[in-house]
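Chain residues, written in single-letter form:
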Amino acid sequence: YGYDIYTDEIELAQKLAVDNGFDEPLFFSRKEDVIGYFGDQKIDVLASFSVLEHLSDDCFLQKLDDFYDYVRGGIFAVVPSKYKIIDDHTGLKFLGLFPRSISSMIVSIANNKYKLSESGDWDVWYRSLAYFERLSATRNMDLTLVDDSVMYPSLLEVSKIGQSRRGSLKSFVERIYAIAIKLFTQNDDNLYPYLNFILKKR
């Protein structure tokens, strides 16, 4: 089942589902419709792939509030780390290290072709693992990283920062950057380019 705030995209997805033989509604653009469809049933896992970086802190917390009482198992999320070298949305490097006002200005100056939000604003928020932990704690939820063996994308495809086996100047710079991350944050988990975590109620 899918949920998204963009009504047009949801309507298209639903039409494709019907074309492929699914009679029941699979996609929803309003939280009330999702909850109404499931009724008294709880959602086992609410999964979010590369979505949370497009939500402001307030919006992220609001979504936790919206679904908190309806999720039985937990919330699984995949989100790019702020320490990831190359930004997924623009291809620019080290964008997550700057304050949001600066990264927004950089994107604007670079005249990047990334499609901005409907308001025309830069709609990406870069967060660290510790930042997500603090946000989640305000809703009485614990954050746990998933095991490396089930990480997405696989660490065989996208290795931890500084662990590339290539013998080039680029990989040398990356290793120095990884050392700086560890020294600055005192947390090896910040070397994951993508954070894969589960949020559960305490």
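Keep in mind that what you see is a predicted model, and the values were worked out from it rather than measured.

Chemist: Can you break down the packing of aromatic side chains residue by residue, with the values?
Modeler: Evaluation of the coordinates by the stated rule reveals 10 aromatic pairs. Between the aromatic rings of Tyr3 and Phe67, the centroid separation amounts to 5.4 Å while the plane-to-plane angle is 70 degrees, which identifies the pairing as edge-to-face. Placement of the pair is Tyr3 in strand E1 (residues 2-3) and Phe67 in helix H3 (residues 57-67), with a sequence separation of 64 residues. The exposure class of Phe67 is buried, given its relative accessible area of 4%. Between Phe49 and Tyr152, the ring centres sit 5.9 Å apart and the planes meet at 85 degrees, which makes this aromatic pair edge-to-face. Placement of Phe49 in strand E3 (residues 43-49) and of Tyr152 in the loop between strand E5 (141-145) and helix H6 (169-185) is noted, with a sequence separation of 103 residues between them. One residue, Arg100, lies across the ring of Trp125, its end atom 3.8 Å from the ring centre.

Chemist: For empty space enclosed by the protein, give the residues involved together with the corresponding values.
Modeler: Where empty space is left can be seen by rolling a probe of water-molecule size over the atoms. One pass over the full model with this rule turns up one cavity of 30 Å³ or more. The volume enclosed by the largest cavity comes to roughly 50 Å³. Around the largest cavity, the lining residues are Pro80, Ser81, Lys82, Lys84, Ile85, Ile86, Asp87, Asp88, Phe94, Leu95, Gly96 and Tyr126. Partitioning the lining of the largest cavity into residue classes produces six nonpolar, two polar and four charged.

What counts, and where the lines are drawn
- Residues numbered from 1 in each chain as written.
- Predicted model: local features only at pLDDT ≥ 70, side-chain atom pairs only at ≥ 80, totals over all residues.
- Heavy atoms only, no water.
- Phe/Tyr/Trp six-rings, centres within 6.5 Å; stacked < 30°, edge-to-face > 60°.
- Helix = DSSP H or I, 4+ residues; strand = E, 2+ residues; numbered from the N terminus.
- Buried < 20%, exposed > 50% of the residue type's maximum accessible area, 1.4 Å probe, protein only.
- Lys NZ or Arg CZ within 6 Å of the ring centre and 35° of its normal.
- 1 Å grid on protein atoms, 1.4 Å probe; cavity = no way out; pocket = protein on both sides within 12 Å on 5 of 7 lines; lining within 4 Å.
- Points joined across faces, edges and corners; volume = space filled by probe spheres on them.
- Nonpolar A, V, L, I, M, F, W, Y, C, P; charged D, E, K, R; others polar.

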